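# Examination of the molecular architecture
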Amino acid sequence: MRSNAIPAEFEDLLNASGRRVLAGSHALCSALANPRTRFLARTDLLDRAKAERVRRALEQSLADELELMERPIPPESISKMRHDYGELLPKTSRAHTIYFESRRERGVKAAERIGLARMMRSASFRAFAEALAGRPLAANWGLQVLRYGAGDYAGPHNDHHPENKDARSGYIDLHVSLCAPDVAHQWLVYSRAGHFSEVVSVAPPATVTAYRLPFWHYTTPLVTKRGKDAARWVLLGSFLYA
Ligand SMILES: [Fe+2]
């Protein structure tokens, strides 16, 4: 059943400040067009109460429909190593997810049923990404839903796609992060000038993050408050340049 907690347009999840981004009158507009800005995280753009209602709807209607995505550390990364300090680590991660490649997938059907897909495909979702990017974005975009439970993480990776001619020169990711109150912490660490020197919390209840990819980053394991089970949801759009 369609959840009336999930608005048809992403715009309806925004607070007054978030709407100013859409209207083009917020200082954040075109922030990612600044050559020095690859990443931004803001906790002041979403309507808290509405975001919390969406998070609850996802927990209630979607948590059981997700697929486990697990890419552990390959044992060969140690056993086949031949040179001191020669370690190479592919992208490791663990979370539950919905990939939107196939509309026949169970999770996609569930996301459509509750109206989540509609919101993530809404014109204002793209318009918001475009406002932050400061340049036109393609009419079609990729979607993914992630749910980080206790201990879930994403190891260092850069989201570069050199094999994809449309993405190889870079693209924009927009993430809406909805975090349960019983999450103690989870951090997004990213690189600047060649070092993993930057860190932001992604544990606030309603955060918008935007990425001008590729660049190196990772997400630390989600830690819950003692004895609690809790999760963080990420609604993710990947936007090619028009
Ligand atoms: Fe990433």
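Look up a bit, the structure's there.
Residues numbered from 1 in each chain as written. Predicted model: local features only at pLDDT ≥ 70, side-chain atom pairs only at ≥ 80, totals over all residues. Heavy atoms only, no water.

## Comments concerning unusual backbone geometry
Put simply, the test is: Here a strand is any run of E in DSSP of at least two residues, a helix any run of H or I of at least four, and the numbering for each starts at the N terminus.
Cis geometry marks the peptide bond from Leu 213 to Pro 214, where omega comes out at 0 degrees. Checked against the element boundaries, Pro 214 lands in the loop between β10 (206-213) and β11 (217-219). You will see that Ser 30, though not glycine, has its phi angle at about 65 degrees, which is positive. With respect to the element layout, Ser 30 can be found in the loop between α1 (16-23) and β1 (39-42).

## Focus on the layout of surface pockets
Put simply, the test is: Cavities and pockets were defined on a 1 Å grid built from protein atoms only: a cavity is a group of points that admits a 1.4 Å probe but offers it no way out, a pocket is an open group of points flanked by protein on both sides within 12 Å along at least five of seven lines, and a lining residue is one with an atom within 4 Å of any such point. Grid points are joined across faces, edges and corners, and a volume is the space filled by probe spheres set on the points. Amino acid classes used here: Ala, Val, Leu, Ile, Met, Phe, Trp, Tyr, Cys and Pro are nonpolar; Asp, Glu, Lys and Arg are charged; the rest, including Gly, are polar.
The computed volume of the largest pocket comes to approximately 960 Å³. Around the largest pocket, the lining is made up of 39 residues, and of these Gln 144, Tyr 171, Asp 173, Leu 236 and Ser 238 lie nearest the centre. For the lining of the largest pocket, the secondary-structure elements that each account for two or more residues are β2 (67-71), β3 (93-99), β4 (137-148), β5 (153-157), β6 (171-179), β10, β11 and β13 (232-241). Broken down by class, the residue content of the lining of the largest pocket amounts to 18 nonpolar, twelve polar and nine charged.

## Considerations on the coordination of the iron ion
Operational definition: Listed donors are limited to N, O and S atoms within 2.8 Å of the metal, widened to 3.2 Å for Na, K and Ca; water is not among them, so incomplete-looking sites are possible.
Listed as protein donors to the iron ion are His 157 (NE2), Asp 159 (OD) and His 217 (NE2); their distances from the metal cover 2.1 to 2.2 Å. Mapped onto the sequence, the residues coordinating the iron ion show the spacing H-x1-D-x57-H. In this pair, Asp 159 is assigned in the loop between β5 and β6 and His 217 in strand β11, connecting sequence segments 58 residues apart.

## Concerning the packing of α1 against helix α6 (residues 123-133)
In plain terms, the rule: Helix axes are fitted to C-alpha atoms over the stretch in contact, other axes to C-alpha atoms as well, and angles between N-to-C directions run from 0 to 180 degrees. For classification purposes, an angle smaller than 35 degrees is called roughly parallel, one larger than 145 roughly antiparallel, one from 65 to 115 roughly perpendicular, and anything else oblique. Throughout, a residue-residue contact means that at least one pair of heavy atoms, one from each residue, lies within 4.5 Å.
At a minimum axis separation of 8 Å, α1 and α6 run at an interaxial angle of 75 degrees. Taken together, the axes of α1 and α6 are roughly perpendicular relative to one another. In this structure, α1 uses Gly 18, Val 21 and Leu 22 to contact α6, whose residues at the interface are Ser 124, Ala 127, Phe 128, Ala 131 and Leu 132. Residues of the contact of α1 with α6, tallied by class, amount to six nonpolar, two polar and no charged.

## Topic: the side chain of Asp 152
Convention followed: Three exposure classes are used, based on accessible area relative to the maximum for each residue type with a 1.4 Å probe and protein chains only: buried under 20%, partly exposed in between, and exposed over 50%. Counted as a polar contact is a pair of N or O atoms within 3.5 Å, where, for protein atoms, one must be capable of donating a hydrogen and the other of accepting one, and residues adjacent in sequence contribute only when both atoms are in side chains.
In this fold, Asp 152 is placed in the loop between β4 and β5. Residue Asp 152 is classed as buried on the basis of its relative accessible area, which comes to 6%. Looking at Asp 152, its side chain comes within polar contact range of the side chain of Arg 94, at 3.0 Å.

## Let's talk about the side chain of Ser 191
Summarising the element assignment, Ser 191 is placed in strand β8 (residues 187-192). You can call Ser 191 buried: its relative accessible area is 19%. Those residues in contact with Ser 191, other than ones at most four positions away along the chain, are Phe 196, Phe 215 and Trp 216.

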